[in-house]
Amino acid sequence: SSTGREGLPQHAGGGPYFLPGEAGHHPGWGSRLFDYSRTEVLRLLLATIAHFAEAYRLDGFRLDAASTVLYRHRCLGLSP
């Protein structure tokens, strides 16, 4: 989120976890967007999933808004 509650560095240039500039912000949600091309991001996300799966014995995860991971246009301005 734009509030930084997740505790990740919120650098103007994107920092080690987020895309830099406008590409790093989702205007519809007011949230930051991870830079999935970086090894650090993938390690962070996989470690977080592993932690929650082990700590809470989860057997699955729900991934909302997967289009923001898959598509650069974030599905904004596209008609169905």
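Residues numbered from 1 in each chain as written. Predicted model: local features only at pLDDT ≥ 70, side-chain atom pairs only at ≥ 80, totals over all residues. Heavy atoms only, no water.

**Concerning the overall build of the protein**
Helices and strands together make up the secondary structure of the protein, namely 2 helices and 2 strands. The N-to-C order of helical and strand elements in the protein reads β-β-α-α. Scored against the burial criterion, the 80 residues of the protein give a buried share of 19%. In the protein, once contacts between residues fewer than 6 apart in sequence are set aside, the share between residues at least 24 apart is 33%. Counting every atom, the protein has about 6,100 Å² of accessible surface; 57% of that belongs to carbon and sulfur. (Helix = DSSP H or I, 4+ residues; strand = E, 2+ residues; numbered from the N terminus. Buried < 20%, exposed > 50% of the residue type's maximum accessible area, 1.4 Å probe, protein only. Contact = heavy atoms within 4.5 Å. Areas by Shrake-Rupley, 256 points an atom, 1.4 Å probe, with all protein chains shown as cover.)

**Topic: the packing of aromatic side chains**
Each aromatic ring pair is summarised here by two numbers: the centre-to-centre distance and the angle between the ring planes. One pass over the structure, following the stated rule, counts 3 aromatic pairs. For the pair Phe-18 and Phe-34, a centre-to-centre distance of 5.3 Å together with 20 degrees between the ring planes defines the contact as stacked. In this pair, Phe-18 is assigned in the segment before strand S1 (25-26) and Phe-34 in the loop between strand S2 (31-32) and helix H1 (39-56), connecting sequence segments 16 residues apart. Relative accessible area serves as the criterion here: at 3%, Phe-18 is assigned to the buried category. (Phe/Tyr/Trp six-rings, centres within 6.5 Å; stacked < 30°, edge-to-face > 60°.)

**A few points about the environment of Gly-15**
Tracing the chain through its elements places Gly-15 in the segment before S1. You can call Gly-15 partly exposed: its relative accessible area is 28%. Counting along the chain gives 19 residues from Gly-15 to Phe-34, while the straight-line C-alpha distance between them is 10.0 Å.

**Concerning the pattern of salt bridges**
Following the criterion strictly, the structure yields 1 salt bridge and no others. One salt bridge connects Arg-38 with Glu-40, and the closest N-O pair in it is separated by 3.5 Å. Given a relative accessible area of 39%, Glu-40 falls into the partly exposed group. (Salt bridge = Lys/Arg side-chain N within 4 Å of Asp/Glu carboxyl O.)

**A few points about the environment of Leu-44**
Note that Leu-44 resides in helix H1. The exposure class of Leu-44 is partly exposed, given its relative accessible area of 24%. Separated by 27 residues in the primary sequence, Leu-44 and Tyr-17 have C-alpha atoms spaced 8.8 Å apart. Excluding residues within four positions of it along the chain, Leu-44 makes contact with Leu-8, Tyr-17 and Phe-34.

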